[in-house]
Amino acid sequence: MSNPEPLHRDGYALLRQAVPAEWLEELRATFDAGVKPSDQWPVPRGRDWRHSLLDLDPRVRAVCRLPSLLAVVGELIGERYFLAQAEGREPLAGGGHQQLHRDLSTYRPGDIANALVFLDDYGPGNGATRIVPASHRPEPGEPPFDFSDESRSVQLSGSAGDVLVFDVDLVHAGSLNLLGTRRRSLLIAYCAEALHASHLQTAGLRGIRMEGVEWFEPPAAESDRTQVDPFG
């Protein structure tokens, strides 16, 4: 990664066409096969969303290991980290609106990174994600963020196969699916090593079935990096 400064400044990266196009139909089929109603999850889910249980699928796990995705996650977390969760989400017609919010880090700023993998084209019509760039690290003395203020929010748009990677402290939200067209996505969470014990304590409540943990290392020192730059 030749210049990670914009990533740390803005708190997110949108990786265009990161998922191979030939994987998408299989991923959509896996999503649809794994959909379960709210009352079949350990903890009830939002009723204006579809939720899909798919964390054991090999293709989904391959998406979680995409080199361009891991390069950004490693840069955001900055230490040894693990794959914590993968599930499917989709706003139903007339649903999906969320107020701006932060998912919140646990022990230190930046110890969790999320990825949204879009399996369908997305935009304002079908409930695309809104973000507030550079909202993850408030300046000293800055007043608390007003989550009802949408003036700085940006609604994303793009194509199936794009991946949004973001610091969990970045202000963001889902939007109303006005048109009712499909907007399936994978929500993937990666956590710093220090969160492993607490992750295991709550895995059952979140419907996580993955056994064992996949560990990853952050990017090497700049002089040793040989990865393709996902921002290049």
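Parameters and conventions
- Residues numbered from 1 in each chain as written.
- Predicted model: local features only at pLDDT ≥ 70, side-chain atom pairs only at ≥ 80, totals over all residues.
- Heavy atoms only, no water.
- UniProt positions renumbered as here; feature names shortened; annotations may be inferred.
- Pairing = 2+ DSSP bridges.
- Helix = DSSP H or I, 4+ residues; strand = E, 2+ residues; numbered from the N terminus.
- Buried < 20%, exposed > 50% of the residue type's maximum accessible area, 1.4 Å probe, protein only.
- Salt bridge = Lys/Arg side-chain N within 4 Å of Asp/Glu carboxyl O.
- Core = buried A, V, L, I, M, F, W, Y, C linked by side-chain atoms within 4.5 Å.
- Phe/Tyr/Trp six-rings, centres within 6.5 Å; stacked < 30°, edge-to-face > 60°.
- Lys NZ or Arg CZ within 6 Å of the ring centre and 35° of its normal.
- Arc of directions from axis to C-beta.
- pLDDT = per-residue confidence, 0-100.
- Contact = heavy atoms within 4.5 Å.

An unreviewed UniProt entry annotates the protein as Phytanoyl-CoA dioxygenase originating from Pseudomonas tohonis. Its UniProt record gives the protein the following Cofactor (unreviewed entry) comment, quoted word for word: "Fe(2+)".

## Quick word on the sheet that holds strand β6 (residues 154–155)
The 3 strands lie next to each other as β6-β5-β8, forming an open sheet whose pairing is antiparallel. Since the sheet does not close on itself, it has two edges, and those belong to β6 and β8 (172–173), each with one partner.

## Focus: the pairing of strand β3 (residues 81–91)
Most of β3 sits inside the fold, with 10 of its 11 residues counted as buried. The pairing of strand β2 (residues 49–52) with β3 spans 4 bridges and is classified as antiparallel. Among the inter-strand pairings, Ser-52 is bridged to a residue of β3, identified as Gly-88. The sheet contact formed by β3 and strand β10 (residues 215–216) spans 2 bridges and is antiparallel. Paired with Phe-82 across the strands is Trp-215, a residue of β10. By the bridge criterion, 8 bridges tie β3 to strand β9 (residues 185–192) in an arrangement that is antiparallel. Of the residues in β9, the one forming a bridge with Glu-87 is Leu-187.

## Focus on the pattern of salt bridges
Across all of its chains, the model carries 22 salt bridges by this definition. For Arg-50, the salt bridge identified is with Glu-90, shortest N-O distance 3.0 Å. Of this pair, Arg-50 sits in strand β2 while Glu-90 sits in strand β3, and the two are 40 residues apart along the sequence. Given a relative accessible area of 31%, Arg-50 falls into the partly exposed group. The partner of Glu-87 in a salt bridge is Arg-89, with the nearest N and O atoms 3.0 Å apart. One continuous salt-bridge network, built from bridges that share partners, spans Glu-25, Arg-28, Asp-32, Arg-50, Glu-90, Asp-120, Arg-182 and Arg-184.

## As for the environment of Val-63
Looking at where Val-63 falls in the secondary structure, it is placed in helix α3 (residues 58–64). Val-63 sits 123 residues away from Leu-186 along the chain, and the two C-alpha atoms are 9.3 Å apart.

## Overview of the nonpolar core
In this structure, Val-19, Val-63, Val-163, Ile-188 and Tyr-190 are the most contacted members of the largest nonpolar core, which totals 39 residues. For this core, the secondary structure elements donating two or more residues are β1 (12–15), α2 (24–33), α3, α4 (67–77), β3, β4 (112–118), β7 (163–167) and β9. The element contributing the most residues to this core is α4, with 6 residues.

## Looking at the packing of aromatic side chains
By the definition in use, this model includes 5 aromatic pairs. Among the aromatic residues, ring-to-ring pairing joins Tyr-81, Tyr-190 and Phe-216 into one connected group. Positioned above the aromatic ring of Trp-215, the side-chain terminus of Arg-80 is 4.2 Å from the ring centre.

## With respect to α2
Within α2, the full set of buried residues consists of Leu-24, Leu-27, Arg-28, Thr-30 and Phe-31. Burial along α2 is one-sided: seen end-on, the buried residues are contained in an arc of 160 degrees. The exposed set on the far side of α2, more than 90 degrees from its buried face, consists of Glu-25 and Ala-33.

## What to know about the environment of Pro-37
Tracing the backbone shows Pro-37 in the loop between α2 and β2. For the pair Pro-37 and Arg-50, spaced 13 residues apart in the sequence, the C-alpha separation amounts to 7.4 Å.

## Section: the confidence of the model for the protein
Per-residue confidence for the protein gives a mean pLDDT of 92, with 94% of residues at or over 70. Note that pLDDT drops below 50 for residues 221–232; the model gives that stretch 20 contacts with residues more than four away or on any other chain.

## Remarks on α4
Most of α4 is tucked away: 9 of the 11 residues are buried. Residues of α4 that are buried include every one of Leu-69, Leu-70, Ala-71, Val-72, Val-73, Gly-74, Glu-75, Leu-76 and Ile-77, and no others. Of the residues one or two after α4, Gly-78 is the one with positive phi, at around 75 degrees.

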